[in-house]
Amino acid sequence: MELISPTPFAIPSLQPILSPEQRELERLILLRKLSSVFQPIVDLSNGDIVGYEGLIRPPADSSLSTPLALFEAAARLGMSYELDCACRDVTVQRFVELSLPGQLFLNLLPDTVVAGPIQAAELESSSGLAASRMIIELTEHRPNCGYAALREAAAHWREQGFALALDDLGEGFANLRMWSELRPEWVKLDKYLIQNLANDPVKEQFVRSLLDMARVAGAKLVAEGIETTAELMVLRKIGVRYGQGYLIAPPQPEPPRKLAPSPHFGQLGRRVAPQQPVVRDLAVSVEPMGPEVANEQAYQRFSDTPTCMALPVVDNGLPVGLLRRQDFLERFARPFNRELYGKKPCRLLMDPQPLVVSADLGLLELSHLMVAGERNHLVDGFIITSDGRYLGMGTGLELVRRVTDLQISTARYANPLTGLPGNVPIHETINRLLESGESFVVAYADLDNFKPFNDLYGYSAGDGLILRLAQLLLEEMDPHSDFVGHIGGDDFVVLMQSLDWQARLQRLLLRFDSIVWTHFDASHREAGGFEMVDRNGMVSFFPLTSVSIGVLLVRAGQYHSPYDVALAAADAKKSAKTEPGSQLFIVQPSTVESIV
């Protein structure tokens, strides 16, 4: 009997047919064909780099060659979690390879945070980067997983040592709810609020309000998308402490570890108000604790030194937290807590968000931060850094003493009418600037036809006009970069290092001319001036009071003493007064663009 083989039939493949887009996405993820770039996040008060945001770039020869195309494809194909994990691994690995200082801001989706809570030990052992140096930046504000699940996951990440950041605040109501639900340690302003900020008072008020909310919530506010000097100046004036953007530095594969001076960016806040002493003067050497040192050692140090109110926790030279005496000892005093926590690392009991300030910050600016911050900063103190690295500790008590001494000294040498620094601090500040070797601008302002006005209307009206000019000077100058002094009478000196100094002086003249008429009678306003006996005993017509400003551009090594600077500035003022009306006379105008 002949055996007949059965007719063969096709067995359908068990492998799904992948689209070209999905094949390419899987290739990029599995083979890690992704690269990282890093954009610095800086302290706007001093220019120190506090961290970097890690951003992903797909290869240029890929069909998904842009970040937008890459992440949109992952969302369509349900592969966002896999892509997020790949991006996380690539970014952390490259950050460690570059040995970058400060914090790493990692972009992750809320659903990824919920679906894959990472044990810090796993990530630390695989990358060598401590969890305390990583900040999880949430890039979406409508979690599919729900807010309850996200809160639970966020608590888990925090227990492991991570901090949270909320991205693009100001984009909509959803991220305000996310802020309320998660209480992140960092909040980043959407770049829409920053664009054209200098010319939009409504945006400025929005930013002020969000800054107030951040202070109440204990969050650090970062302004994203800073692209112009004007935006930077407004943010610093408002009090926004941190920022990033192309003006500061673009995203780069190998970013700078320290910012270099730039003709557009200047020294970014390193020029504190010249009359201020700086935080470096408060620094006291306190031996730091490593984050893995046992709590028992911290307990012994607190016991052996009753005057020690706090211990800094530093990892590879970078401050990561603060052990507060009262909180620490209260925790150890509870039943069984010493046995429970004694051998565990002190990072578990430290405050991961202490007040950290640059050594170059002015004392008055620090006092404002202390008032706006938490009360325990006054008792426990703050960490002082130089170029982002641990320098020492400062105490609220010593800050109060120094600020009090500064106020007494200022009052002693202040002009009694305006309260502005007088001749002694003006002289000291010019001398300090000359010794520093930095370029600066001297603006010598004087009221025109002031004596006849004073004789006609009386000394009270004259004092009122002087006070009005002083008020305008303070309003138009940058408190971080410029120094306003009152020589006496109607003479003022402004020492300027703000990048837009000329625009500020021009605005001052326009504003003065727009309000000076309110100091005159109607008949004099209509006539454009008044008649008085001049110095020669002749009746003369004097126009309405105006302002003349002589401007001197001072380069390093150009003048040897404050006396030389004062003589040259006086000549500039005389030249300004040769023309009628409010005038701005600049000596050596060809150097305007190179002075700062």
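Each value, and the rule that gives it
- Residues numbered from 1 in each chain as written.
- Predicted model: local features only at pLDDT ≥ 70, side-chain atom pairs only at ≥ 80, totals over all residues.
- Heavy atoms only, no water.
- Axes fitted to C-alpha atoms, helices over the stretch in contact; angles between N-to-C directions.
- Helix = DSSP H or I, 4+ residues; strand = E, 2+ residues; numbered from the N terminus.
- Parallel < 35°, antiparallel > 145°, perpendicular 65-115°, else oblique.
- Left-handed = near helix turned anticlockwise from the far one by under 90°.
- Contact = heavy atoms within 4.5 Å.
- Nonpolar A, V, L, I, M, F, W, Y, C, P; charged D, E, K, R; others polar.
- Expected span 1.5 Å × (residues − 1).
- Pairing = 2+ DSSP bridges.
- Disulfide = S-S within 2.5 Å.
- pLDDT = per-residue confidence, 0-100.
- Buried < 20%, exposed > 50% of the residue type's maximum accessible area, 1.4 Å probe, protein only.
- Salt bridge = Lys/Arg side-chain N within 4 Å of Asp/Glu carboxyl O.

Visitor: What exactly am I supposed to notice about the packing of helix α9 (residues 201-217) against helix α10 (residues 229-238) here?
Guide: A packed helix pair is summarised by two numbers, namely the angle formed by the two axes and the spacing between the axes. At a minimum axis separation of 10 Å, α9 and α10 run at an interaxial angle of 40°. Classified by the angle their axes make, α9 and α10 are oblique. Classified by chirality, the crossing of α10 by α9 is right-handed. Contacts between α9 and α10 pair Glu-204, Val-207, Arg-208 and Leu-211 from the former with Val-234, Leu-235, Lys-237 and Ile-238 from the latter. When grouped by side-chain class, the residues that make up the contact of α9 with α10 number 5 nonpolar, no polar and 3 charged.

Visitor: Please explain helix α6 (residues 147-159) as it appears in this structure.
Guide: Count 3.6 residues to each turn of an α-helix, and residues three or four apart come out pointing the same way. For α6, spanning 13 residues, the distance from its first C-alpha to its last is 18 Å, which sits close to the expected 18 Å at 1.5 Å a residue. Two residues or fewer after α6 comes Gly-161, characterised by a positive phi angle close to 110°.

Visitor: Would you take a moment to explain the sheet that holds strand β3 (residues 103-108) for this structure?
Guide: Hydrogen bonds along the backbone pair up the strands of a sheet, which may run parallel or antiparallel. Taken together, 8 strands build a closed barrel; the order of strands is β1-β2-β3-β4-β5-β6-β7-β8 and the barrel is mixed. Relative to strand β7 (residues 220-223), strand β6 (residues 186-189) is paired through 4 bridges, and the arrangement is parallel. When the sheet's bridge partners are listed, Trp-186 is paired in β7 with Lys-220. Along the sheet, helix α3 (residues 80-98) contacts β1 (35-43), β2 (49-57), β3 and β4 (134-138); its crossing angle with β3, the most-contacted strand, is approximately 165°. Here α9 sits on the sheet in contact with β5 (163-169), β6 and β7, set at roughly 150° to β7.

Visitor: Teacher, can you tell me more about the state of the cysteines here?
Guide: A covalent bond between the sulfur atoms of two cysteines is what we call a disulfide. Within the structure shown, the criterion is met by 0 disulfides. There is no disulfide at Cys-87, and the cysteine sulfur nearest it, in Cys-85, is 9.3 Å away.

Visitor: Is there a simple way to explain the confidence of the model for the protein in this structure?
Guide: Do not read the fine detail of predicted coordinates wherever pLDDT is low. On average, the protein scores 84 in pLDDT, and the residues at 70 or more come to 89%. When the criterion is pLDDT under 50, residues 262-275 qualifies, and its contacts beyond four places in sequence or with other chains add up to 52 contacts.

Visitor: Is there a simple way to think about unusual backbone geometry in this case?
Guide: With phi around 55°, Arg-32 is a residue other than glycine that occupies positive phi space. The phi torsion at Asn-449 lies on the positive side, around 60°, for a residue other than glycine. With respect to the helices and strands, the residue Asn-449 is situated in the loop between β14 (440-448) and α18 (450-457). Look at Asn-449 and you get partly exposed, because its relative accessible area is 24%.

Visitor: Would you take a moment to explain the pattern of salt bridges for this structure?
Guide: Pairing is possible between side chains of opposite charge, provided their charged atoms come close. For the structure on display, the rule yields 28 salt bridges. For Glu-97, the salt bridge goes to Arg-94, with nearest N and O atoms at 3.1 Å. Of this pair, Glu-97 and Arg-94 both sit in helix α3, 3 residues apart, roughly one helical turn. Taking the shortest distance from any N to any O, the salt bridge between Asp-455 and Lys-451 comes out at 2.9 Å. Taken as a pair, Asp-455 and Lys-451 lie in helix α18 at a separation of 4 residues, close to a single helical turn. Look at Asp-455 and you get partly exposed, because its relative accessible area is 45%. Overall, the relative accessible area of 47% leaves Lys-451 in the partly exposed class. Among the ionic contacts, a cluster of salt bridges with common partners joins Glu-53, Glu-137, Lys-188 and Glu-224.

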